[in-house]
Amino acid sequence: MQRATMCTGKCSKCIGITLFPLAACAIVCNILLYFPNGQVLQLSEITDLVWFFHGILGAGILVILPAFMMLGAGGAGCCANRCGMLLSVVLAVLGFAGGAYCVVISSLGLIGGPLCDTGDGEYLYPFRNDTLEGNYLFNQTTWSICKEPENIILWNIILFSILLAIGVIEAILCFIQVINGLAGFICGTCMRKRKMNISGM
């Protein structure tokens, strides 16, 4: 029978393919944060953490770059060179940092809440001083504090939560690629299949 050993090149390709839609989704979610409930706001009325570009830069561009390299490292199959795998490791570390950055900013965005108009025409952060136990995330009755933009709290919670999940997944995949890339650099990207004849079957 034939037994094929694990191919690190194919693994890199699979991870790279998976990272592309995640990065694209992160970029879209970050852009949507600039237009709460579809409204166009003045720059001073947009939540400050959105300007950290955690979805566009962190979970987006910094992940797309290693994804391209992973496809290149895995595309050549068993003949892919080890230098390509080593470079994919370096870029995977960059992707891991981008994913982790997205996780941190998204977490802060969820905990701190959005910038909103509380009814007097002044935009402020009504939930920034909340304790973790009394946080608005666990007390939906406090959401009525924000009058404008409409549904800003739900908008921020959904998008920041999606970005948080994407960042976690990307960080995990890039970490796996670091291990996989090191294995490919040390052992080669794919070991040849070997035939084993088993008698008595």
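Scroll up a little and you will see the structure.
These numbers come from a predicted model, not from an experiment.

A. Here's a closer look at the overall build of the chain. Check the secondary structure of the chain and you find 4 helices and 4 strands. Along its sequence from the N terminus, the chain presents helices and strands in the succession β-α-α-α-β-β-α-β. Taking all 201 residues of the chain together, the buried fraction comes to 42%. Roughly 10,800 Å² of accessible area belongs to the chain as shown, and the carbon and sulfur atoms make up 69% of that amount.

B. Quick look at the nonpolar core. L19 and I153 are the most contacted members of the largest nonpolar core, which has 35 residues in total. Mapped by element, the contributors of at least two residues to this core are α1 (8-32), α2 (54-75), α3 (82-112) and α4 (152-187). Per element, the largest residue contribution to this core is 10 residues, and it comes from α4. Ignoring any residue separated from it by four or fewer positions in sequence, one finds I153 in contact with P114, F127, Y136, W143 and C146.

C. Focus on the side chain of N135. In this fold, N135 is placed in the loop between β3 (123-124) and α4. Residue N135 is classed as buried on the basis of its relative accessible area, which comes to 2%. Look past the residues within four positions of N135 in its chain and what remains in contact with it is L110, I111 and D130.

D. Structural view of the environment of V178. You can see V178 is positioned in helix α4. Residue V178 is classed as buried on the basis of its relative accessible area of 16%. Once the C-alpha coordinates of V178 and L87 are considered, the two residues, 91 residues apart in sequence, prove to be 10.0 Å apart. Apart from the residues lying within four places of it in its own chain, the contact partners of V178 are V89, A92 and V93.

E. Region of interest: the packing of aromatic side chains. Tallied over the full model, the rule gives 4 aromatic pairs. Centre to centre, the rings of W51 and F53 are 6.4 Å apart; their planes meet at 90°, and the pair counts as edge-to-face. Judged by relative accessible area, W51 falls into the partly exposed class, the value being 35%. The partly exposed category is assigned to F53, whose relative accessible area is 34%. One aromatic cluster in this structure is built from Y34, W51 and F53. If you follow R128 out to its NZ or CZ, it ends over the ring of Y125, 3.8 Å from the centre.

F. Fine view of α3. With 31 residues, α3 extends 45 Å from end C-alpha to end C-alpha; this agrees with the ideal 45 Å at 1.5 Å per step. The first or second residue beyond α3 is G113, which carries a positive phi of 80°.

G. Fine view of the state of the cysteines. By the definition in use, this model includes 1 disulfide. As a non-bridged cysteine, C11 has C14 as the owner of its nearest cysteine sulfur, 6.7 Å distant. Judged by its relative accessible area of 19%, C11 falls in the buried class.

Cut-offs used in this document
- Residues numbered from 1 in each chain as written.
- Predicted model: local features only at pLDDT ≥ 70, side-chain atom pairs only at ≥ 80, totals over all residues.
- Heavy atoms only, no water.
- Helix = DSSP H or I, 4+ residues; strand = E, 2+ residues; numbered from the N terminus.
- Buried < 20%, exposed > 50% of the residue type's maximum accessible area, 1.4 Å probe, protein only.
- Areas by Shrake-Rupley, 256 points an atom, 1.4 Å probe, with all protein chains shown as cover.
- Core = buried A, V, L, I, M, F, W, Y, C linked by side-chain atoms within 4.5 Å.
- Contact = heavy atoms within 4.5 Å.
- Phe/Tyr/Trp six-rings, centres within 6.5 Å; stacked < 30°, edge-to-face > 60°.
- Lys NZ or Arg CZ within 6 Å of the ring centre and 35° of its normal.
- Expected span 1.5 Å × (residues − 1).
- Disulfide = S-S within 2.5 Å.

Nothing here speaks to function; it is all geometry.
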